[in-house]
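Given next are the chains, with one letter for each unit.
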Amino acid sequence: MNKVHMGVPLVMERLIFPTITEMLDGVELETIRWIAELNRFTDFGPLPLDEKEIYEVMVTHQVSHLRDRNRIAESGSYANLRDSFPAMRSDLVERGFEEPSGYFVVFCLVPVVIIHHAAIKEPPRSWKELAEPQWKGRVITFDMTVIHRLLGIGMKEIIGDRTEEFMESIGFHGAPINVNHEVDSGQADVAIMPLPFARTSRQGNVRMLWPEDGAFVVPNVITFKKNPDQRAIDIGKYLLSDKVQRMMNSLGLIPVSPNADLPVQVTENNLNLRWHNWSEFIKALNSD
């Protein structure tokens, strides 16, 4: 069995890694955490096509991996295992989140929302409003490729040729916990944050808003090499199991299982997510 790569949302790691490590029974587990050397804005490179280099199973949200969907589908080196796993909940299927090629198995979604300091009495309530001149230089987010690319392609749809100016006006300030601290302490007025971190930062001086024009969303997917080891398939089944899927709502993650509840903020906002379909997302990633 080849090595395994796990890039799950940070809020999940401590809850699932002990079980996954036990399932691997000594097989190398590779992870990528946020460190200074990986910030602004490091691509992790294209997925390998050589059978000897391909991960037995890879869990990822990295845009440099997601943009490779068509390349891996055409390679013949990866497995289409969509039919090996439970069906996605119907409300997500209706919104275009089921990945049609089968080479990406979606196991959760991470919404991206807005937080602000409590002293801001009229905060921006949409991405379009956030791009208005009065917020220039007052907005921060965390310093990683995935948020930079997601904002770039999402805002381009909303504000068009003003996107580059908008991106240059944002401060990219380290890890999510640093961003929370800066807003709480009043060093920053507004921040763009994944829902798990936005929810946990609501104590003190931080308030959270769901954008009226829809939360951006980061898909988290699983890929498998062709003819994978059974342990790799078992890891996928574990991530899509009711046990793991049901823990997600308390973490601020959107589960894909119909047997798991959605986070309360997602339900209150009627699954208001900015997403069309996978084809448009992949096209936008590759044209960014």
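This structure is a prediction, so every number in the text was calculated from the model and none was measured.

Asker: Whenever I open this one, the packing of aromatic side chains confuses me. Can you help?
Answerer: Think of a pair of aromatic rings as described by two things: how far the centres are apart, and how the planes are tilted against each other in angle. Following the criterion strictly, the structure yields seven aromatic pairs and no others. Their ring planes at 15° and their centres at 5.6 Å tell us that Phe85 and Phe224 sit as a pair that is stacked. Within this pair, whereas Phe85 is found in the loop between helix H3 (69-75) and helix H4 (90-94), its partner Phe224 is found in strand E9 (residues 216-224), the two being separated by 139 residues in sequence. Of the two residues, Phe85 and Phe224, neither departs from the other in class, the shared state being buried. Pairing Trp278 with Phe281 gives two aromatic rings, centres 5.8 Å apart and planes at 85°, and the pair type is edge-to-face. On the criterion of helical spacing, the pair formed by Trp278 and Phe281 is a turn pair, its members being three residues apart in helix H13 (residues 278-287). Each member of the pair Trp278 and Phe281 is classed as buried.

Asker: Would you explain the side chain of Arg69 in this entry?
Answerer: Here Arg69 is to be found in helix H3. Each residue touching Arg69, except ones within four places of it in the same chain, is listed here: Glu99, Pro100, Ser101, Phe104, Trp278, Ser279 and Ile282.

Asker: I would appreciate a short explanation of the packing of helix H1 (residues 10-24) against helix H10 (residues 230-239) in the present structure.
Answerer: Direction vectors running N to C along H1 and H10 enclose 160°, while the axes themselves pass 10 Å from each other. By the angle between their directions, the pair H1 and H10 is classed as roughly antiparallel. H1 and H10 meet at a crossing whose hand is right-handed. Within the contact between the two elements, H1 uses Leu15, Ile16, Thr19, Ile20, Met23 and Leu24 and H10 uses Arg231, Asp234, Ile235, Tyr238 and Leu239. Partitioned by chemical class, the residues of the contact of H1 with H10 number eight nonpolar, one polar and two charged.

Asker: Mind showing me how you'd approach the nonpolar core here?
Answerer: Judged by nonpolar contacts, the single largest core of 101 residues is most densely connected at Ile16 and Phe107. If you tally residues by element for this core, the top one is strand E4 (residues 105-117), at ten residues. When residues no more than four places from it in sequence are discounted, the contact partners of Ile16 are Val8, Tyr238, Leu239, Val244 and Met247.

Asker: Please clarify how H1 should be interpreted in this entry.
Answerer: Since one α-helical turn is 3.6 residues long, residues separated by three or four positions face the same way. For H1, which comprises 15 residues, the first-to-last C-alpha distance of 20 Å matches the rise-based estimate of 21 Å (1.5 Å per residue) to within 8%. Of all the bends found along H1, the most pronounced is centred on Ile16 and spans about 55°, while Pro18, a proline, follows it within four residues. Buried residues of H1: Met12, Glu13, Ile16, Phe17, Ile20 and Leu24, and no others. Immediately beyond the C-terminal end of H1, within one or two residues, lies Asp25, with a positive phi of roughly 55°.

Asker: Help me understand the pairing of E4 in this model?
Answerer: Burial analysis of E4 places 13 of its 13 residues in the buried class, which makes it a mostly covered element. Looking at chain direction, E4 and E9 are connected through seven bridges and run antiparallel. By the bridge assignment for E9, Val105 is matched with Ile222. Across two bridges, E4 lies against strand E10 (residues 254-255) in antiparallel orientation. By the bridge assignment for E10, Cys108 is matched with Pro255. Two elements, E4 and strand E7 (residues 190-194), share five bridges in a ladder whose sense is antiparallel. Looking across to E7, one finds that Val113 is bridged to Met193.

Rules of the game
Residues numbered from 1 in each chain as written. Predicted model: local features only at pLDDT ≥ 70, side-chain atom pairs only at ≥ 80, totals over all residues. Heavy atoms only, no water. Phe/Tyr/Trp six-rings, centres within 6.5 Å; stacked < 30°, edge-to-face > 60°. Helix = DSSP H or I, 4+ residues; strand = E, 2+ residues; numbered from the N terminus. Buried < 20%, exposed > 50% of the residue type's maximum accessible area, 1.4 Å probe, protein only. Contact = heavy atoms within 4.5 Å. Axes fitted to C-alpha atoms, helices over the stretch in contact; angles between N-to-C directions. Parallel < 35°, antiparallel > 145°, perpendicular 65-115°, else oblique. Left-handed = near helix turned anticlockwise from the far one by under 90°. Nonpolar A, V, L, I, M, F, W, Y, C, P; charged D, E, K, R; others polar. Core = buried A, V, L, I, M, F, W, Y, C linked by side-chain atoms within 4.5 Å. Expected span 1.5 Å × (residues − 1). Bend = angle between axes of the 7 residues up to and from the residue. Pairing = 2+ DSSP bridges.

It is worth stressing that arrangement in space is one thing and function is another; only the former is reported here.
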